[in-house]
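Breakdown of the fold
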Amino acid sequence: MRANSLLSALLCVILSLAACGDRDQALYEEAEKLWLNGRQSESVSKLRVVVEEYPSSSFAGRALFKLGEIHYLDLNEPDKAIEFFARVGEKEKNGELDLKAKNYIAEIYEQSLKKYDLAVMQYQRILNEHKGKVSEEEYRFKIGSAYFRKGDFQQAIVEYQSLLDKYPGGAYTLDSQYQIANSKFILNDAKGALTLFQKIMEASPKSKYEYDIRLGIAICYEEMEQQARALEEYNDLKQRYPDKPLIDRKIESIKKRLAKKSQPSEIKKVRTVPNPHARH
């Protein structure tokens, strides 16, 4: 009789645990459906129940990640999103979901909150904690881009050049070279930028940056006061890209400057009036 009672009690515990397991999954799936139907607030409520009442559930990490996504992408609450994404690592340490959450955090710092130094730290953290799982070249490029967005162009050049030295001919070679040229131009090194733009054009004449590089070359000549050469480049651009109003404005501006330069300067002749008292 006592054995039957113990068996019944054990069965109740097992059924209870099974019911709990079913409920956390059911809540998560309900939250997903609510989110898909545009009912974000209700979805958030369900996901919070999963996180708070079933912290050991296999769905807790997924619920935290989804809460982060909703607050970032749907509710425009980046700070709250970071809080949820940061907690994903507690449940999914160094796993795939943790990596995705850390990427979101870096993206939010860089693009939404404009906290570029924190974005750099996050990218570096990803490289350290997920070594071998992510492309170091890609994240080094992201670090360079974060400095570029920050306006620290000197450091951006350092990061991009370091990437080029370590991964010559890599997937981010073209992008890094282009951004170094841009950085040099912004830092008033038109001559250095021109050299790099020309080097890129020679190596990759039909790249995705073709128009921007050709325009950059023309602008560099203009900045270097080589107006005639700049006009040649703009005229060439006009032939290649007739639908770009900026080129027309640039051509008109240079033509006016060249016309003004070619006008003879008016020299005022001062007539000398003889001094009747002067000795001859």
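Computed from a prediction, not measured in an experiment: that's the story for all the values here.

1. Concerning helix 5 (residues 96–112)
With 17 residues, helix 5 should reach 24 Å at 1.5 Å per residue; the first-to-last C-alpha distance of 23 Å fits that figure. Considered for burial, the residues of helix 5 that qualify are Leu97, Asp98, Leu99, Ala101, Lys102, Tyr104, Ile105, Ala106, Ile108, Tyr109 and Glu110.

2. Looking at the pattern of salt bridges
Under the definition given, this model contains 25 salt bridges. Lys102 is the partner of Asp98 in a salt bridge, and the nearest nitrogen-oxygen pair spans 2.7 Å. Note that Asp98 and Lys102 are positioned in helix 5 at a spacing of 4 residues, about one turn of the helix. Taking relative accessible area as the criterion, Asp98 reaches 2% and is therefore assigned buried. When salt bridges with common partners are traced through the structure, they connect Lys206, Glu210, Arg214, Asp236 and Arg240 into a single cluster.

3. Considering the environment of Leu127
Tracing the chain through its elements places Leu127 in helix 6 (residues 116–129). Among the residues examined, Leu127 registers a relative accessible area of 9% and is labelled buried. Distance in space between the C-alpha atoms of Leu127 and Tyr139 is 7.2 Å, their sequence separation being 12 residues. When neighbours within four sequence positions are excluded, Leu127 is seen to be in contact with Val134, Ser135, Glu136, Tyr139, Arg140 and Ile143.

4. Remarks on the confidence of the model for the protein
Predicted confidence across the protein gives a mean pLDDT of 89, with 86% of residues reaching 70 or more. Here residues 9–19 is modelled with pLDDT under 50, and outside its nearest four sequence neighbours on either side it reaches 0 contacts, counting other chains as well. Between residues 267–280, whose pLDDT stays under 50, and residues either more than four places distant or in other chains, the model counts 0 contacts.

5. Let's talk about the nonpolar core
Ranked by size, the top nonpolar core spans 47 residues in total, and within it Leu47, Phe65, Phe85 and Tyr139 carry the most contacts. Broken down by secondary-structure element, the contributors of at least two residues to this core are helix 1 (2–36), helix 2 (40–53), helix 3 (60–74), helix 4 (78–91), helix 5, helix 6, helix 7 (136–150) and helix 8 (153–166). Looking at this core element by element, the count peaks at 8 residues for helix 5. Other than its neighbours up to four places away in sequence, Phe65 contacts Phe85, Val88, Leu97, Lys100, Ala101 and Tyr104. In this structure, Met201, Ile217, Ile219 and Ala230 belong to the second largest nonpolar core, which totals 24 residues.

6. Observations regarding the layout of surface pockets
Considered as a void within the structure, the largest pocket measures approximately 240 Å³ in volume. Lining the largest pocket are Asn103, Glu107, Glu110, Gln111, Tyr123, Phe141, Lys142, Ser145, Phe148, Arg149, Tyr160 and Gln179. Of all the elements in the fold, those that place two or more residues in the lining of the largest pocket are helix 5 and helix 7. Per-element accounting of the lining of the largest pocket gives the leading share, 5 residues, to helix 7. Looking at the lining of the largest pocket, its residues break down into 4 nonpolar, 4 polar and 4 charged.

7. With respect to the packing of helix 10 (residues 190–203) against helix 11 (residues 210–223)
At a minimum axis distance of 9 Å, the contact between helix 10 and helix 11 shows a crossing angle of 150 degrees. The orientation of helix 10 relative to helix 11 falls into the category roughly antiparallel. Both helix 10 and helix 11 take part in a crossing whose hand is left-handed. Where helix 10 approaches helix 11, its residues Ala190, Ala193, Leu194, Phe197, Gln198, Ile200 and Met201 are matched on the opposing element by Glu210, Ile213, Arg214, Gly216, Ile217, Cys220, Tyr221 and Glu223.

Conventions we followed
Residues numbered from 1 in each chain as written. Predicted model: local features only at pLDDT ≥ 70, side-chain atom pairs only at ≥ 80, totals over all residues. Heavy atoms only, no water. Helix = DSSP H or I, 4+ residues; strand = E, 2+ residues; numbered from the N terminus. Expected span 1.5 Å × (residues − 1). Buried < 20%, exposed > 50% of the residue type's maximum accessible area, 1.4 Å probe, protein only. Salt bridge = Lys/Arg side-chain N within 4 Å of Asp/Glu carboxyl O. Contact = heavy atoms within 4.5 Å. pLDDT = per-residue confidence, 0-100. Core = buried A, V, L, I, M, F, W, Y, C linked by side-chain atoms within 4.5 Å. 1 Å grid on protein atoms, 1.4 Å probe; cavity = no way out; pocket = protein on both sides within 12 Å on 5 of 7 lines; lining within 4 Å. Points joined across faces, edges and corners; volume = space filled by probe spheres on them. Nonpolar A, V, L, I, M, F, W, Y, C, P; charged D, E, K, R; others polar. Axes fitted to C-alpha atoms, helices over the stretch in contact; angles between N-to-C directions. Parallel < 35°, antiparallel > 145°, perpendicular 65-115°, else oblique. Left-handed = near helix turned anticlockwise from the far one by under 90°.

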